[in-house]
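Each chain is listed here by its residues.
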Amino acid sequence: MNRNILLRLIIAIALCCSFLVADAQWTVGIKGGWDYTTITRSNAGRIDESYSGFSGYDVGIQARYGFTDWFALRADLSFMRRSHRMDRNLNYLNPVFTNHHNYYLMLPIMADFSFGGKNLRGHAYAGGYMGYWLRDRRVGRTYWMTDYYVYFNNFNEVREFTTEDNRFCAGLIGGLGLSYKLSDHWGINLDALYYYDLVSHHRSSPNLRDPRYLNTLSITFGASYTF
């Protein structure tokens, strides 16, 4: 009896999957746009430092596999600049700052819930992502002091990675979007996605907890082709 119930359940699941796949469609495209990144970091005694957000960009390819007219899975492969800024906030060091331009290769995978009419549709996205830190370029102004003067010097350099850097990242992603069907195959889309890191990009020492998380809002415009 138990085997019959299990067999019926398997058949029912297979039939449901076959109906979903029958209406499935592949959509591929390109995207590009602007992003804004902030950093979440413990103060850890650095009373003379303040951190703020900084703009970057997000370009890449997107793929969508639609099971029904309202549900799909979407995956992007994005090259992103996730930047932030550090300022020294002591009076005589006000000109001292560092802009950190962090370049990442990102792979978000999201459930795509869509709603609306035949051509214009809204989208709600939820899922997770992983990524890899490719490069860290630092641009800013530093200083050195003598007995009588404070000297300032501008710099623009690519920082070498160390054992304290965690180049793998992962986190949660969510957002909203709009898509418009231009024809049977071509369409355009506008998306706003928020990347929330769950993995610190800095490995803290046992004696000093100093996790650093990046949070990025990405707004991109895309063009796609449905097979």
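Coordinates for the structure precede this section.
Residues numbered from 1 in each chain as written. Predicted model: local features only at pLDDT ≥ 70, side-chain atom pairs only at ≥ 80, totals over all residues. Heavy atoms only, no water.

1. Description of the overall build of the protein
- A tally of regular secondary structure across the protein gives one helix and nine strands.
- Counted from the first residue to the last, the protein has its helices and strands arranged as α-β-β-β-β-β-β-β-β-β.
- Considering only contacts within the protein whose residues lie at least 6 apart along the sequence, 66% involve residues at least 24 apart.
- Element-wise, carbon and sulfur atoms account for 63% of the exposed surface of the protein, whose accessible area totals about 13300 Å². (Helix = DSSP H or I, 4+ residues; strand = E, 2+ residues; numbered from the N terminus. Contact = heavy atoms within 4.5 Å. Areas by Shrake-Rupley, 256 points an atom, 1.4 Å probe, with all protein chains shown as cover.)

2. What about the pattern of salt bridges?
- Under the criterion given, the structure shown has ten salt bridges.
- One salt bridge connects Asp136 with Arg159, and the closest N-O pair in it is separated by 2.7 Å. Here Asp136 is found in strand β5 (residues 120–145), whereas its partner Arg159 is found in the loop between β6 (150–158) and β7 (168–181), with 23 residues between them in sequence. Comparing Asp136 with Arg159 shows no difference in burial state: the two are buried.
- The partner of Arg159 in a salt bridge is Asp165, and the shortest N-O contact between them spans 3.1 Å. Judged on exposure class, the residue Arg159 and its partner Asp165 are both buried. (Salt bridge = Lys/Arg side-chain N within 4 Å of Asp/Glu carboxyl O. Buried < 20%, exposed > 50% of the residue type's maximum accessible area, 1.4 Å probe, protein only.)

3. Digging into the packing of aromatic side chains
- Applying the stated rule across the entire model yields 13 aromatic pairs.
- Geometrically, the ring pair formed by Phe71 and Phe113 is tilted, given 5.5 Å between the ring centres and 45 degrees between the ring planes. Residue Phe71 is found in strand β3 (residues 71–88), and its partner Phe113 is found in strand β4 (residues 97–116); the two are separated by 42 residues along the sequence.
- Phe71 sits in the partly exposed class, given a relative accessible area of 22%.
- With a centroid separation of 4.9 Å and 75 degrees between ring planes, the pair formed by Trp133 and Phe161 is classed as edge-to-face. (Phe/Tyr/Trp six-rings, centres within 6.5 Å; stacked < 30°, edge-to-face > 60°.)

4. Focus: the nonpolar core
- Counting residues in each nonpolar core, the largest one holds 13 residues, and the members touching the most others are Tyr104, Met106, Tyr129, Ile173, Leu193 and Tyr195.
- Put simply, the parts of the chain that give this core at least two residues each are β4, β5, β7 and β8 (186–197). (Core = buried A, V, L, I, M, F, W, Y, C linked by side-chain atoms within 4.5 Å.)

5. Describing the environment of Thr163
- Along the chain, Thr163 falls in the loop between β6 and β7.
- For Thr163 and His202, which are 39 residues apart along the polypeptide, the C-alpha to C-alpha distance reads 9.1 Å.

6. Examining the environment of Thr38
- By the secondary structure assignment, Thr38 is in strand β1 (residues 25–41).
- According to the relative accessible area criterion, Thr38 is partly exposed, its value standing at 30%.

7. Focus: the layout of surface pockets
- As a volume, the largest pocket reaches approximately 770 Å³.
- Along the walls of the largest pocket sit 33 residues, with Gln25, Thr27, Arg64, Arg121 and Thr226 positioned nearest its centre.
- Counting only elements with at least two residues in the lining of the largest pocket, the list comes to β1, β2 (49–66), β4, β5, β7, β8 and β9 (212–226).
- Of the residues in the lining of the largest pocket, the class split is eight nonpolar, 16 polar and nine charged.
- Of the voids in this model, the second largest pocket is the one considered here, and its volume is about 510 Å³. (1 Å grid on protein atoms, 1.4 Å probe; cavity = no way out; pocket = protein on both sides within 12 Å on 5 of 7 lines; lining within 4 Å. Points joined across faces, edges and corners; volume = space filled by probe spheres on them. Nonpolar A, V, L, I, M, F, W, Y, C, P; charged D, E, K, R; others polar.)

8. Quick look at the side chain of Arg74
- On the secondary structure map, Arg74 appears in strand β3.
- Looking at Arg74, its side chain comes within polar contact range of the side chain of Asp76, at 2.9 Å.
- Here Tyr125 takes part through its side chain, which lies 3.2 Å from a polar atom of the side chain of Arg74.
- If near-sequence neighbours (up to four positions away) are discounted, Arg74 is found in contact with Lys31, Gln62, Ala63, Arg64, Pro108, Ile109, Met110, Tyr125, Asn189 and Asp191. (Polar contact = N/O pair within 3.5 Å; in protein donor to acceptor, adjacent residues only side chain to side chain.)

Geometry only, nothing functional implied.
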